[in-house]
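Overview (structure and organization)
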Amino acid sequence: MKTLGKYEVIEEINSGGMGQIFRARDRVLRREVAIKTIYTGMTEPEIKNRFYREARSCAALNHPNIVTVFDLGEQQGNSFIAMELLDGEDLRKFVDRRGSMSLEAKVGCMAEICDGLASAHDHGIVHRDIKPGNIFITRSGKPKILDFGVARIAASNLTQPGIALGTPRYMAPEQYLGMDCNALSDIFSVGMVFFEFLAYCHPFVGLADSPWISKDIPSRIVKEEALPLRSLNPAVPERLERVIAQALAKDPVARHQSSKDMAKELRKVSFDLARECSTLWNEMLDCRKRILDYKSVLGKTLESPKAQFALKQANIDP
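Our subject in this report is the structure included herewith. Keep in mind that what you see is a predicted model, and the values were worked out from it rather than measured. (Residues numbered from 1 in each chain as written. Predicted model: local features only at pLDDT ≥ 70, side-chain atom pairs only at ≥ 80, totals over all residues. Heavy atoms only, no water.)

On a plain count of helices and strands, the chain comes out with twelve helices and nine strands. Split into buried and exposed, the 318 residues of the chain put 45% on the buried side. When contacts within the chain are restricted to residue pairs at least 6 apart in sequence, long-range pairs at least 24 apart make up 61% of them. When the accessible surface of the chain is summed, it comes to about 16800 Å², and 52% of that surface belongs to carbon and sulfur atoms. (Helix = DSSP H or I, 4+ residues; strand = E, 2+ residues; numbered from the N terminus. Buried < 20%, exposed > 50% of the residue type's maximum accessible area, 1.4 Å probe, protein only. Contact = heavy atoms within 4.5 Å. Areas by Shrake-Rupley, 256 points an atom, 1.4 Å probe, with all protein chains shown as cover.)

Turning next to the environment of Arg128. Among the structural elements, Arg128 can be located in the loop between helix H3 (103–122) and strand E8 (135–138). Sequence separation between Arg128 and Ser185 is 57 residues; the distance between their C-alpha atoms is 7.3 Å.

Here we take up the sheet that holds E8. Taken together, three strands build an open sheet; the order of strands is E7-E8-E9 and the sheet is antiparallel. Each edge of the open sheet is held by one strand with a lone partner, namely strand E7 (88–90) and strand E9 (143–145). Neighbour-to-neighbour, the strand axes of this sheet turn through a mean angle of 25 degrees, independent of strand direction. Across three bridges, the pairing between E8 and E9 is antiparallel. Looking at E9, one finds that Ile137 is bridged to Pro143. The strands touched by H3 within the sheet are E8 and E9, with E9 carrying the most contacts at an inclination of about 30 degrees. (Pairing = 2+ DSSP bridges. Axes fitted to C-alpha atoms, helices over the stretch in contact; angles between N-to-C directions.)

Before going further, it helps to examine the packing of aromatic side chains. Any pair of aromatic rings gets described here by the distance separating the centres and the angle formed by the planes. All chains considered together, the criterion is met by four aromatic pairs. Seen in terms of ring centroids, Tyr7 and Phe80 are 6.2 Å apart; in terms of plane orientation they differ by 85 degrees. Their pairing is edge-to-face. Of the two residues, Tyr7 sits in strand E2 (residues 7–16) while Phe80 sits in strand E6 (residues 78–84), which places them 73 residues apart along the sequence. Among the residues examined, Phe80 registers a relative accessible area of 5% and is labelled buried. Ring geometry for Phe94 and Phe197: centres 5.5 Å apart, planes at 75 degrees, overall edge-to-face. Of this pair, Phe94 sits in helix H2 (residues 91–96) while Phe197 is found in helix H6 (residues 183–199), placing the two residues 103 residues apart along the sequence. With respect to burial, Phe94 and Phe197 carry one shared label: buried. Ring pairs connect the aromatic residues Phe94, Phe197 and Tyr200, which therefore count as one cluster. (Phe/Tyr/Trp six-rings, centres within 6.5 Å; stacked < 30°, edge-to-face > 60°.)

This is how it looks when you write it as structure tokens:
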């Protein structure tokens, strides 16, 4: 495949059950884009029409935390979406390699992801397939939600060979029970993603299990409580653990009732973290000043090995 409409295909970036992703060049606007293809050549007309309706709705979304859709079209049975080309990695890769990021930065990313979801929900669009692979972190640290619109195709009666219907590891309990999926279902899914972002472990798997072989995760999601987040990452503050636990409530009514509410709670945690860090920093500086003030009084005592070791541990230059 060398071209798709006005786009010149450069290379394949990724592939999966729903199709392929290519890096391509817009020959008219002379910019590089990402092209996601989905095979719809043999599907029922209503399914294809639904895909286009959803894609058009998502193209109307304009939010910094949602990937921008530029165009959609069809060629030789392949429906395709042209979107902004992102530089960075998705959360699936970040978690798998146990990427390093400060807690404050992670909380900030989580709040922005909730902002993007809130914008979509305000437009009546439910993602239905929130998972680490659909959250992208750019090199500048900006999170972007991917694959709006595609998820509804996956949730439809599309049964072409090789197409995976949804991602069971990240579905809300009500989805497994055949109930309606709404914005609160997205909140449950995002709670699982955030848990994994913080603990590098799925909340319903556990460190003793193989994270990709365990087959009873759907049953655990429906029947069992998530693992305690701080048991896996003690550095997570209790109030942040409570925010994630609320998102993972079995009863949708017990969850945050909107992504906006969850974003507000996360930003409160971020503010508290910044305030506490500032307090600790000031206390450290005060202790350093007091030690230096006593330097002349201590005299040669500071030259003892014990004193030198203590000063070095406190990062104080005697």
